[in-house]
Every structure is written in structure tokens, then in C-alpha cells.
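If you want the building blocks of each chain, they are given just below.
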Amino acid sequence: MERYEPLKIEQKWQQIWEKTSPFKAKEAPGTPKVMLAEMFPYPSGAGLHVGHVRNFTIVDVLARFHAQQGLNVLRPFGYDTFGLPAENYAIKTGTAPQKVTKINIDNFRKQAKRLGFAIDWSREINTSDPEYYRWTQWCFLQLYKKGLAYQKESYQWWCPVDQTVLANEQVENGKCWRCGHEVEKKKMKQWFFKITEYADELLDEIDHLEWPDKIKTMQKNWIGRSVGAEIDFAVESGAPHITVFTTRPDTIYGATFLVVAPEYGQLESLLTDDTREKVLAYKAAALKKSEIERQENKEKTGVFTGSYAINPATKAKIPIWVADYVLAGYGTGAIMAVPAMDDRDHEFAEKFDLPIVETELCDRDKFGTLKTTYRMRDWLISRQRYWGCPIPIAYDSEGNPHPIPEDQLPVLIPEVDDYQPDNTGRSALAKATDWLKVNIYNEAIGQVEEMTRETDTLDGYACSSWYLWRYASPHDNTAAWSQEAIKYWEPVDYYCGADHAVAHLLYIRFWCKFFADEGYLPFREPIKRLLYNGYINAPDGKKMSKSKGNVIDPLDVINDGYGADTLRTYEMFIGPYDQDAAWDTRSVGGVYRFLNRCWTLCFATPVSDTDHTVTTRHRTIKKVTEDIHRYNFNTAVAALMEYVNELYKVGAITEDLIVLAKLLKPFAPHLASEMLEKLSSDDEWPKWEDQYLTSDTAEIIIQVNGKLRSKITIDASNLADEEKVVAIALADDKIKKYTEPGIKKTIFVPKAKILNIVV
Ligand SMILES: [Zn+2]
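Residues numbered from 1 in each chain as written. Predicted model: local features only at pLDDT ≥ 70, side-chain atom pairs only at ≥ 80, totals over all residues. Heavy atoms only, no water.

Draft legend 1. The arrangement of the pattern of salt bridges in detail. By the definition in use, this model includes 51 salt bridges. A salt bridge links Lys-145 to Glu-406; its shortest N-O distance comes to 3.3 Å. Note that Lys-145 is positioned in helix 5 (residues 130–145) and Glu-406 in the loop between strand 21 (401–403) and helix 12 (433–436), a separation of 261 residues in sequence. Between Arg-248 and Asp-250 there is a salt bridge, with its nearest N and O atoms 3.1 Å apart. The class for Arg-248 is partly exposed, based on a relative accessible area of 32%. On the basis of relative accessible area, Asp-250 is assigned to the buried category, the value being 8%. Through salt bridges with shared partners, a single ionic network connects Glu-201, Glu-205, Arg-509, Lys-513, Asp-517, Arg-524 and Glu-525. (Salt bridge = Lys/Arg side-chain N within 4 Å of Asp/Glu carboxyl O. Helix = DSSP H or I, 4+ residues; strand = E, 2+ residues; numbered from the N terminus. Buried < 20%, exposed > 50% of the residue type's maximum accessible area, 1.4 Å probe, protein only.)

Draft legend 2. Layout of the pairing of strand 1 (residues 33–38). The element strand 1 is extensively covered by neighbouring structure, given that six of its six residues are classed as buried. Covered by surrounding structure in strand 1 are Lys-33, Met-35 and Ala-37 together with Val-34, Leu-36 and Glu-38, the residues of both alternating faces. Chirality of the crossover, the property in question, places the unit of strand 1, helix 2 (residues 50–68) and strand 2 (residues 72–74) among those that are right-handed. When strand 1 meets strand 25 (residues 492–497), the two strands line up parallel, connected through three bridges. Across the sheet, the residue bridging to Glu-38 is Cys-496, located in strand 25. (Right-handed = clockwise from strand over helix to strand, strands pointing away. Pairing = 2+ DSSP bridges.)

Draft legend 3. Spatial organisation of the sheet that holds strand 31 (residues 745–749). Reading across the sheet, the four strands line up as 30-29-32-31 and stay open at both edges, with mixed pairing between neighbours. Only two strands of the sheet have a single partner each, and these edge strands are strand 30 (707–715) and strand 31. Taking the axes of each pair of neighbouring strands and ignoring which way they run, one obtains an average angle of 20 degrees across the sheet. Sheet analysis places strand 29 (residues 697–704) next to strand 30, joined by eight bridges and oriented antiparallel. Opposite Ile-700, over in strand 30, you have Ile-712 as the bridge partner. (Axes fitted to C-alpha atoms, helices over the stretch in contact; angles between N-to-C directions.)

Draft legend 4. Unusual backbone geometry, seen in detail. Between Leu-409 and the following residue, Pro-410, the backbone shows a cis peptide bond with an omega angle of 0 degrees. Structurally, the position occupied by Pro-410 is in the loop between strand 21 and helix 12. With an omega of 10 degrees, the peptide bond running from Glu-490 to Pro-491 counts as cis. Looking at the element boundaries, Pro-491 is found in the loop between helix 15 (483–489) and strand 25. Positioned with a positive phi, Lys-315 is a non-glycine residue whose angle comes to about 65 degrees. The exposure class assigned to Lys-315 is exposed, which follows from its relative accessible area of 60%. In this structure, His-500 is a non-glycine residue whose phi angle is positive, near 60 degrees.

Listed below in C-alpha cells is the structure:
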């Protein structure tokens, strides 16, 4: 018998796959297809980590499973390559991000191949490839043409260390997600995508998605739709009136004070000489907090502005306060406080000793014009970074923006010597003085004018908002995606990730709806089924991190002799796919031994099958098939382990070995391919037949001197044969021990399925 040598077997099959490209998707419109993808990785210098392996293996198991079932499978791969790490490295070392990115991609590809993923490598994409970002720029221009990409001045999160604007999602507890430094608010002119235009549809279609409930809930909360009324309150001093937004206009009789957000536009007009200093200090402090922090604030804070408003319903004079629990972006940035009805207002009133008045409700019909408001803001896309997709815009001498004509795309990223942003916050693109100038036809003056290019680049989420469509025709240089190819392959059937529950998954839905409206997509939701997998933590349950020194490198596991099949199978066996799990080195050894036993069975002398093994075979096929359909990958592997245990008892039945190898192939493709090469001419997914699933066995309880000592399973046909039942029972290891003193007599009751042995 040959020894199980995974490294040898895996090398052999990877060479075969490299040569024959068996995972190349076939364009075969009309035939049943499955398209699957993981959230494409950022190729960091550290290479693949065990979390990638879990994520990619889930997709791979589903891809191979469907291919074995005869479906036409597309499993492409790509890299999300723009971003700060490569740029920060460039700033530190002077190495061009283009160069570092290429090295990292080459390493990722090599490692992914070493894991035996069934990827169609002819469809590899990379967001920083000019042939790719040319079309990202094209997408931007389509949104721009329809007014959905626009500029506005607004307060933005600003990281003074990274010298860049941050999106809300990139601010964690008032700190920069990258460097951990405290962020500031800065007023700047920025580009936005008008995602709010699609807020209703984005919200209303969530319930129809085959997505995990927790993701659906997060998206609903993020969009945060509420219906209410806008009511004007006159200001006693004669300052401009204050328009409040309330979801409960019927409680207006109980409104005993107004609260405006610290960013409220007309705040200055409400201040008096006595209050100005205090209010402005409060505002400055509030602007340093994140919105999340402000909403979670346990202790309410605020200051009186010095002004009073008139309640239009009661004509009462009520004080106007400023407090950070009111958010500028929500509604109008001003609320009427009804402490008798609202918990937060009540808490605020108690703390600052403001009146709490219980009153009747007013007729809701009094406010005919109900208004809908959303928590979701428009998507800020300007980044003051070098290593991003340049925004295809140039400014004329008066500062008006003009789109770069589509036939001049891509706007290439220029080479620079120094990647540091300048201290006005402009990206290093501003240092490429030749690149900065461009001649564009200016319609307003009817001639070509030298203009200045935009130096902001696009948020990386823009690059990943359409990549799934590029997979359908990755080398098309006439369009972002081929209509014909996309009609066949997409929407994506299975999409798997462990991050970006709100941002990426909301943005890609938004673009899908926009491009469907423009006639470029034949569907309005890009992803049919979403799998959201858990993280893999260190053996102590803590997050793996370089600084803690508890990182498990998947390539080490492979090269230690376990091989890729063990790693893949272990990561599917580690626990329910959607939950976090802790790495367990002993369990890796257990999975290795299981695969070793599969291998050994192939060299055993074949025996013929029995009714009992046929039942086990069909049960296992059913269990593994249904488990994969339900994403219960861990119990599918467990069922295969039980199957192997059973085969060790009954012997190597050729038919069972073929079934075992076929069921094993999605998890351990190299070993299974090697087994099938010896055993079978195909890898077609086996089918179970219900007729074999009925239980033909009986479980017998064995008592010794009236005490339960063991249970055995026998063929039901043996129930009538007491002598045989006793013989099987006495062969049981546990019973052997208890019957050592010598057997006096045996009493078998077939109906009750109890055998009593008296010693
Ligand atoms: Zn930072």
C-alpha cells in the first residue's frame, strides 16, 4: 500500500488543473448555470489568512458541488486593490503602489492555486488595472449625467494623520478606522452619489432577498425610514423661524421646548451675548463625536441658546436648546421636545429641569403634508488619496466641473515621486503638474479650454460596486459588461463574505437599480443568495493579530505536511459556517487522520455489499446533499466521517468508495480526484433512492443482571433468531467485561427488544 502523501497528490492534481483548465466557464446560454463569488480580497502583503480560506472554501464547495451535479458553473476571482495600505507603504518607502500591488496579487494567486480552488483564472480582475478602472470612470459619468453624482459643501470627518476625509462607516467611536487617531469635522466641497434617490426601493426589496436576517435588519436600520411632519415654530426675537421634523405631530400640545443640533445652520441667529461662548464651546466638543456615539450617549448633554420659540398650537413661549442627541442630518436638524411622550426628551427635561406637560393628542389630519425622512445620507465618494480611481472631471477657469469625454477614458493615474498628500488635503495627484492640465471643449464659451483635473479619487467602494458584472465579460474593451453575457450568468446565485454588511452590500444594490433604470441590466437585485460567514479566531478565542503573535498561517498548515485538503476540510468542519470559531490544532490532526483513512480504504481488499451498507450509503448521500444545500458544511463532513467509520467495520465495498470519493470531492478535491482516478470514470454527484432509506435494523437493549449495560444494532431479520442475537451481544466489548464471571442464563424479549443476561 502507498502512504497518504498529500503534498505529492496535491502537486500532481494542481499541475493537471493548470494544464487542462477544467474550471473555465463555458458560454452556453440556455443551459442551467450557477455563478458564485466571494467578496474579492484586498491583496495585502501578508498573503492569505485562515479567514480567506474559510470564505473561499465555502464558495468552492458550492461551486464543485454544482459542477458535479452537471450545472454550468462560473467561479471567477478578483482583487480589490486600491486603498490606503499600499499608499501608506508608498509614502514610507517610495515604492510605487502599482509595483507592490502586482507582487501581492502574484502571491495571492499562487496561494489560492495551492489551495486547489476551482477558479476560472481566465476571468481574473483587478480594480487598479486601467482596463478595469476605465469602466469605473464610465459608471461615474453615467451617474453624473443623471445628476446622481454631485458636489456639495459639507462637514466631513477628517483624519489629521492620514490627511483624508473618512466616510461615516470609517469612523469608529470617534476614531479613524485605519490609524486610530481622533477624527475632526472639516467643511469641504465633496463629491457624493445620491443613493437616497433609491432609499425606498432599497428598503422595500430587502424582505424579498434570500439573505441572512441580521444583514437585512442592519440594512433596514441604516436606511432608517420614518414618516412625519414638518412644523414651523416662530422665534420670539424675530430670528428666522425653525422648522422641526417630528414623527408625532399629534403630540404638539405637549411640546415644551425645542432642540437643535450643534451643526444647525441658523444656530448663530439664536445666540445672545450671554450664551454665545458657552454654546460655541459645546458645539466644538460635539463635532468631535461620531453620530453613533452621540446617539448612544448615556448622559444627556446640552445648553440653552438664550432664545425662545412660540408653540403654534398652544402659543406658549418655549426655550430653544442645543444638544448633540439631535443629529444635523436627520430631518431638519431641529426637533420639538415632548417630554411627556418621548423617553429621550423626558430624560433631557428631567436633567435640565424643563416642564413636562401631559396633554391630549391633536388630530393627525391637521398635518395633511406628511413627509418621509431617512437616516441614510448620500454616499460621500471623494477621497484625497493618490492610490484610487481618478474622478473623471476637470474644472474650467471659473471652477465649474466638466466631465471628461468618454472617449478620453481612462483618466490614468500619473506617476509621481512623492506620494504624501499636500497639507491642504489634496492628494498627491496635485503634484503631477503636467497631468493636471487637460484640454476640454467648454460648451458655455463654445471652444476648447485648458482645464484643471479633479485631484480627488473615488472611494474604493465605487470600484467594488460593479465588479460582479465585469466577471461576466472581463476582457470586453467595448463596454463595462456585455449585455448578453450578463443576461445568462447573473444575478449572482451565491455571494459569500464576512464583512461590509451595510456599505458594500447596499452600494452594489443601489448601482444595480440605477443601471437597470438606464437599461444596462436586466435585473434590479444583484445577489440572489448571500452567505455571511463567521470569523476564525485564535485557539484562545481571541482575534488573531500580528501584535498578539497568535496568527495561524494557512500556508504553514499546508507545508507542515497536512496539505490543502486537510486545511479546507477542517475549516468546513470547524463549526456552523455563519458563526465565529476558534482554531484547534488537535482537530486539524483529526481531519488529517480522517482523510488518511479514506486513502487507506482504497487499498483494502474489496468486499461485497449488504442490505445494511446500501442503507448507510443512501442515507449518507441524502444527508451530505441536503446539508450542502442548507450550508451545513460541518455536519456534511461529520456524516462523511461516520460513513468511513462504518466502512471500516464492514470492509471496503467498491461502490461505497466511489460514493465516498464523489461526496468528498468538494471538500478535499485532490484526494478525491486521486481516489476517483483509481475507482471511477466520472465524478457525477450520486443520487439517493428513498426505497433504501427505510430502517431495516433494530436496536437491542442489553441488560446484565437487570442493569442497562449496552445497546447493539442488528438486522431486523435476525430478531427471530435468539441464538444469533445472543452471539452478537456477547461479542460486544462492554458486555464481554460484565459477563466475565460466567453466564447463568439469557432471556430475550423480541417485542420489547431487550436481552437480559444473568451472571
Ligand atoms: Zn487615520
